[in-house]
Amino acid sequence: MLFELFMAELRRSFIQSTRYSAEIIGGIVGTTIIFYGLFLSTRYVAGGGFQFGDRFDSIIIGYVLWTLMIFIQGSISGNLQDEARTGTLEQVFLSPYGASQVFLCRAIASLFINLVINISILLVIIGLTGSNLSFPLILFLPLLTVLLGAYGLSFIMGSLALILKQVQQALSIFQFGLLFLFTAPVESWSGGLRILGYCLPMAPGAGLLRDVMARGEGLDGGRWAIALLNGVVYFSLGMLLFRWSERETKRQGKLGGY
Amino acid sequence: MNVLEAVDLQKIYRNRQKTVAAVQEVSLTLAAKEVLAFLGPNGAGKTTTIKMIAGLILPDRGSVRIAGRDPHREPKALRSLGAVLEGNRNVYWRLTPEENLEYFGVLRGLTRQVARQRAQVLLERFDLMDKRQSQVQKLSRGMQQKLAIAVSLIHDPQLLLLDEPTLGLDVEATASVKQLVREIAAEGRAILLTTHQLDIAEELSDRVAIINQGKIVIEEPTSELIRQFSGTAYRIELEQELDADRAYKIGALGAVIEGNRVAVHEVSLLYPILEILKPLPLVRLEKDRANLTEIFLKLVGKNAI
Ligand SMILES: Nc1ncnc2c1ncn2[C@@H]1O[C@H](COP(=O)(O)OP(=O)(O)OP(=O)(O)O)[C@@H](O)[C@H]1O
Ligand SMILES: [Mg+2]
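Our subject in this report is the structure included herewith. Computed from a predicted structure; not experimentally measured.

What to know about the overall build of chain B
Regarding its fold elements, chain B presents 10 helices and 13 strands. Seen along its three principal axes, the alpha-carbon backbone of chain B occupies a region of about 75 × 50 × 40 Å. Taking as baseline every contact in chain B between residues at least 6 positions apart, the subset at least 24 positions apart corresponds to 69%. When the accessible surface of chain B is summed, it comes to about 14,300 Å², and 46% of that surface belongs to carbon and sulfur atoms.

Listed below in structure tokens is the structure:
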């Protein structure tokens, strides 16, 4: 049954975004330009005779992931705010599936659509810059842990949106935090810092992704288990906080944005 | 079993500056086929009560059961509930009526296939077939409201909450919403309806509950309430204005004259007055029947409509 809901959300997102086609096209063009500019400037800085290949690729992957995570991170809170503005939010909360399941389905459905766009852009850029990223299937394992963490954060931002109604500032601070999480080489830290790195949201999974994708290394089972645990913990935390915030807004009578 | 049982609901809002007792000790029950008009002045607590019933506002105290289930604990209870909320769009303006019905059908727990079938039935019935493929934002206000009601029925709920369903509608759209409410109740659903248009409430409701400052002032079957508040007086309406001579005589007996109308407050005066009026043509002679507006004003106070 949840699958029916997911398909319905996919259809709804798709139809709605085709009706905003100007925005979609603008978004694609904008993203492509930013990506391409980033590629060129990293090239320029990294250029010369040095062997910067592996740093270069991991910066690219970090950046692509970062934009994806920004999207996921803002997707639940953005959806909540949009619907509060258009006056459909309370109807969504009347679903027998329960709000957290509905918003999870929604977030995954819009990721699906976003992913198609992002992957296309990435492929085009790889083609244009002639860079060389490996894309093995095993990649999905660390990606899964990162996604779990990202959705956890998304639910945390959604909770803030429910309680505070205003999340713009928090979101932009988070975006810089994410840039750090995705570009910091946590995997090369040692001692206490390494433990801290394992506890940061998504960081262990992002490190694995870099290793597998850009450096062509194999997947370390132990590190993956840590990354998975990290993802599960952040996801559950987000869900719990969201349920708590749902109840709290209902207590304050502010669900529709009083 | 009653479709709705709300017992002793209470909601007190505490803000930094002030405390608002929005709803206190409100109990409502509704059986299948029943229409309850839930009336009260602005800020009386109607919307707060409705949202507590729908599980959208958590009551401080009291309990809600919809077909035996508590919407605050079991989201499944929402299978039996449809709602059109006040001041909300309730549907997606970028989608068409058909897409809205299908989407909300699945959101309310139907399979896509069932949702599609129900959508066609409702489009037909709500006279939205021609517009089923236009974006909702392009429809008239009346059609948007009809669609909102259709969407609230997509999963065939036993209880329907309508918070000011005729707000901002023109005469024709109001009439068609009224007709729909009648039909929906006749199908066996229970309807809780709020409105500031008391004539609509009078026409549609089986029972009336009036709330003021968070408390229910009275709850009675509509006809009973009207009987209680109707006096023994009569009203006589004439075809033309009364001449001065007759007006003087009738006035002396103690009846009140307003243009071509005479209000007779004592039964014993009826025939003497008719004698004086003879042979003027009458338009009607009727026993005074209170209307909901007068009753409402008496119970809630003149400054409160
Ligand atoms: N979230 C909230 N926080 C604080 N006070 C609130 C909140 N929601 C409603 N109120 C107050 O509670 C009281 C009841 O409001 P409610 O919306 O239930 O009235 P209503 O009967 O629906 O009025 P109307 O006829 O204007 O729609 C009002 O005084 C309102 O200002
Ligand atoms: Mg209201």
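Describing the pattern of salt bridges
This structure, assessed with the given rule, holds 29 salt bridges over all chains. We note a salt bridge from Arg19 of chain A to Glu99 of chain B, for which the minimum N-O separation is 2.9 Å. Of this pair, Arg19 of chain A sits in helix 1 (residues 2-19) while Glu99 of chain B sits in helix 2 (residues 97-107), placing the two residues on different chains. A residue is classified by how much of its surface remains accessible, and Arg19 of chain A, at 26% relative accessible area, is partly exposed. In this structure, Arg116 of chain B and Glu102 of chain B form a salt bridge, with 3.6 Å as the shortest nitrogen-oxygen distance. Here the residue Arg116 of chain B occupies a position in helix 3 (residues 112-125), and Glu102 of chain B occupies one in helix 2, the gap between them amounting to 14 residues. Classification of Glu102 of chain B by relative accessible area gives buried; the value is 14%. Taken together, the shared-partner salt bridges in this structure form one network comprising Arg125, Asp156, Glu183, Glu187 and Arg189 of chain B.

A short note on the site of ligand 1
What surrounds ligand 1 is a group of 18 residues, the closest being Asn42, Gly43, Lys46, Thr47 and Thr48 of chain B. Looking at the residues close to ligand 1, they fall on chains A and B. Asn42 of chain B is positioned with one of its side-chain polar atoms (N or O) 2.8 Å from an oxygen atom of ligand 1. In this structure, Glu86 of chain B approaches ligand 1 through a side-chain N or O atom, which is 2.9 Å from an oxygen atom. Of all the secondary structure elements, the ones that give two or more residues to the shell around ligand 1 are strand 2 (19-30) and helix 1 (46-53) of chain B. At three residues, helix 1 of chain B tops the list of elements feeding residues into the shell around ligand 1.

Focus on the environment of Ala150 of chain A
Topologically, Ala150 of chain A is positioned in helix 6 (residues 140-164). Sequence-wise, Ala150 of chain A and Arg223 of chain A are 73 residues apart; in three dimensions their C-alpha atoms are separated by 18 Å.

Focus on the coordination of the magnesium ion (ligand 2)
Perfect tetrahedral coordination of a metal by four donors corresponds to 109.5 degrees between them, and perfect octahedral coordination by six donors corresponds to 90 or 180 degrees. Bound to the magnesium ion (ligand 2) on the protein side are Thr47 of chain B (OG1) and Glu86 of chain B (OE), at distances that span 1.9 to 2.3 Å. Here Glu86 of chain B lies in the loop between strand 5 (81-84) and helix 2 and Thr47 of chain B lies in helix 1, a separation of 39 residues in the sequence.

Quick look at the sheet that holds strand 1 (residues 4-14) of chain B
All names here are of chain B. Spatial strand order, 2-1-4: three strands in an open sheet with antiparallel pairing. Sheet topology places strand 2 and strand 4 (61-66) at the edges, where each strand pairs with a single neighbour. Averaged over all adjacent pairs, the angle separating strand axes in this sheet is 20°, with direction ignored. By the bridge criterion, eight bridges tie strand 1 to strand 2 in an arrangement that is antiparallel. Opposite Leu4, over in strand 2, you have Leu30 as the bridge partner.

Some points on the interface of chain A and chain B
Taken residue by residue, the interface counts 32 residues in chain A and 36 residues in chain B. Taken together, both faces of the contact between chain A and chain B bury some 3,200 Å²; the carbon and sulfur share is 57%. Counting the surface chain A buries against chain B, the share from its top three residues, Arg19, Gln91 and Leu94 of chain A, is 23%. In this assembly, chain A and chain B are joined by two salt bridges. Counting the contacts that link chain A with chain B gives 17 residue pairs in polar contact (both at pLDDT 80 or more). Breaking the side of chain A that touches chain B down by element, the ones donating at least two residues are helix 1, helix 3 (53-86), helix 4 (89-92), helix 5 (99-129) and helix 10 (221-252) of chain A. In terms of residue class, the side of chain A that touches chain B is made up of 12 nonpolar, nine polar and 11 charged.

Things to note about the packing of helix 5 of chain A against helix 6 of chain A
Residues and elements named next belong to chain A. Where helix 5 contacts helix 6, the axes come no closer than 11 Å and their chain directions differ by 125°. One way to sum up the angle between helix 5 and helix 6 is to call them oblique. Crossing angle aside, the handedness with which helix 5 passes helix 6 is right-handed. Side by side, helix 5 and helix 6 meet where Ser100, Phe103, Leu104, Ala107, Ile108 and Leu111 of the first sit next to Leu147, Tyr151 and Phe155 of the second. When grouped by side-chain class, the residues that make up the contact of helix 5 with helix 6 number eight nonpolar, one polar and no charged.

How each quantity is defined
Residues numbered from 1 in each chain as written. Chains lettered and ligands numbered in written order. Predicted model: local features only at pLDDT ≥ 70, side-chain atom pairs only at ≥ 80, totals over all residues. Heavy atoms only, no water. Helix = DSSP H or I, 4+ residues; strand = E, 2+ residues; numbered from the N terminus. Contact = heavy atoms within 4.5 Å. Areas by Shrake-Rupley, 256 points an atom, 1.4 Å probe, with all protein chains shown as cover. Salt bridge = Lys/Arg side-chain N within 4 Å of Asp/Glu carboxyl O. Buried < 20%, exposed > 50% of the residue type's maximum accessible area, 1.4 Å probe, protein only. Near = heavy atom within 4 Å. Polar contact = N/O pair within 3.5 Å; in protein donor to acceptor, adjacent residues only side chain to side chain. Donors = N, O, S within 2.8 Å, 3.2 Å for Na, K, Ca; no water. Pairing = 2+ DSSP bridges. Axes fitted to C-alpha atoms, helices over the stretch in contact; angles between N-to-C directions. Buried area = accessible area lost by both parts, 1.4 Å probe. Nonpolar A, V, L, I, M, F, W, Y, C, P; charged D, E, K, R; others polar. Parallel < 35°, antiparallel > 145°, perpendicular 65-115°, else oblique. Left-handed = near helix turned anticlockwise from the far one by under 90°.

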